Each structure stands twice: as C-alpha cells, then as structure tokens.
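# Tertiary structure, described
Listed here are the chains, written in short residue letters.
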Amino acid sequence: MRDYQLLIFDWDGTLVDSIARIVIAMHQAADLCGVPRRSDEAVKGIIGLALPQAITTLYPELGEAAHVERFHAAYSECYVALDQTPSAFFEGVEQSLARFREQGYQLAVATGKSRRGLQRILDTLGWQDYFDITRCADETASKPDPRMLHEILQHCGVSAEQALMVGDSSFDLEMAQRAGMHSVAVGYGAQTLEALSRYEPKLSINHFTQLSTWLSCTVAETRTEEIEHVG
C-alpha cells in the first residue's frame, strides 16, 4: 500500500466546473475566425492540452502559425469574457482541499491552462499561496508529456510512488502513467470513466468527496500493515 504525500490536481473539469465555458468559447472563436465549429464532444476531447496543441488538433487545416495564433487570441478573448466570475468549484472540492491540507498532504496543480489564466483565477480567489506549486502548460511541456509532473515532484521533494494525479482527461492519466505515478479518474468532467479506464487508474470517482474517503481508508490500511509488520 502506497503512502501518498502529494496530491496533484488538474484544474478544469476536475476542481472547477468550467467545461461548458471552454466549449462555448471554442465555438465562438471558430465563428470569429471563419472556420466550422467542431462538435461539443470533439472540443471536450482536447481539453487538457496546451491551447496551441488543442487548436491544431481540432483545426489542422489552419496550418500557418499566424492562423493558429489568431484563433488562440480569439479563444482567449471569448473565454475571459465568459469567465468574468470564475467557474464554480465542484461540490465538495473546497472542503476536501482544506481537509487535505489539515491532514498534511502537499497539494499541487498540473493544468493545461496558461499561467496568465490560472493566476487570474488564483488572484481572484485569494489563493496565490494555497498550493505548494502550480504548473501550467505554457511554462513547461504540454500534457501528456510527464515533464510538469517531474517538475512538481522535484519541487516537493517526493518520489512518483508518493504522489497521486487526479484528473478528468486521458492526457492527465497518460501523463501520470508515463511518470510512474498512480492516478484517480474523475468521471464528471470532460471524459467518461469508461474512456479513462484504459489508463488503469487506481480509483475512479463520480464525486470529489469520494477521494477523501478513499484516502482515509488507504491511510488506515497502511497503518494496519505497518503494525502487523512490526508485530
């Protein structure tokens, strides 16, 4: 039984209910740039990637970097307009995060958002120092490359075996798998638990508070094993 010391969370679709806004902003950007809208499911399928990679995945026909950058700017403008009030946390998230901190876990965020986007939200919430570290796609490699997880591990001074990645997309879980880290699949965000099952998550949840319950049981089992080993 692993003794987890570090909990790493994706942001959109895992901690906050922002998927609908992302989809709408992507559709609006397509209209502004004169390209066909992709389906809601297609947009959900790229959530988690860094925005340039997400755009080129949805619209490979854009070709030149200047066209991608124009779409990028249009999306950012549309999303900020929709997100004047930051997207709400999913039920139980704030209480659970506070409990994790009280229990001594280190907390981190690994997100496909830009640093500017995440920092705007953290500043609004007054959460500038809430997490031990946050890593964004535009300051490291995009998911599913495990680089941002390696950077988080190094900063926190823990091994991959002592960390847990919690996310709602295949990019989150593949990233964790490539880093040698256990993962938790979230089924209320961008992708279904069925789609995420191929990455063999340690736990699959449909409500954030299920993570707290499972971790409490994991800690109890670990302590029991330690007592039995000593005995």
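Residues numbered from 1 in each chain as written. Predicted model: local features only at pLDDT ≥ 70, side-chain atom pairs only at ≥ 80, totals over all residues. Heavy atoms only, no water.

- According to UniProt, the comment filed for the protein chain under the heading Cofactor (unreviewed entry) is "Mg(2+)". (UniProt positions renumbered as here; feature names shortened; annotations may be inferred.)

## Some points on the pairing of strand β2 (residues 106–111)
- Within β2, five of the six residues are buried, leaving the element largely enclosed by the surrounding structure.
- In this sheet, β2 lies alongside strand β1 (residues 6–9) in parallel orientation, the contact comprising four bridges. Within β2, the residue paired with Phe9 across the bridge is Val109.
- In terms of strand pairing, β2 meets strand β3 (residues 133–136) through four bridges, oriented parallel. (Buried < 20%, exposed > 50% of the residue type's maximum accessible area, 1.4 Å probe, protein only. Helix = DSSP H or I, 4+ residues; strand = E, 2+ residues; numbered from the N terminus. Pairing = 2+ DSSP bridges.)

## Structural notes on the nonpolar core
- In this structure, Phe9, Trp11, Leu15, Leu97, Phe100, Phe131 and Leu211 are the most contacted members of the largest nonpolar core, which totals 32 residues.
- Of all elements in the fold, only β1, α5 (93–102), β2, α6 (115–125), β4 (163–167), β5 (182–186), β6 (203–205) and α10 (209–230) reach the threshold of two or more residues within this core.
- Each residue touching Leu211, except ones within four places of it in the same chain, is listed here: Phe9, Phe100, Leu164, Val166, Val184, Leu203 and Ile205. (Core = buried A, V, L, I, M, F, W, Y, C linked by side-chain atoms within 4.5 Å. Contact = heavy atoms within 4.5 Å.)

## Thoughts on the packing of helix α1 (residues 19–33) against helix α4 (residues 65–82)
- Two numbers describe how α1 lies on α4: the axes approach to 8 Å, and their chain directions differ by 135°. Taken together, α1 and α4 sit at an angle that is classed as oblique. Between α1 and α4 lies a crossing of right-handed hand. Residues Arg21, Ile22, Ile24, Ala25, Met26, Gln28, Ala29, Ala30, Leu32 and Cys33 of α1 form the contact with α4, whose own contacting residues are Arg70, Phe71, Ala74, Tyr75, Cys78, Tyr79 and Leu82.
- Residue composition of the contact of α1 with α4, by class: 14 nonpolar, one polar and two charged. (Axes fitted to C-alpha atoms, helices over the stretch in contact; angles between N-to-C directions. Parallel < 35°, antiparallel > 145°, perpendicular 65-115°, else oblique. Left-handed = near helix turned anticlockwise from the far one by under 90°. Nonpolar A, V, L, I, M, F, W, Y, C, P; charged D, E, K, R; others polar.)

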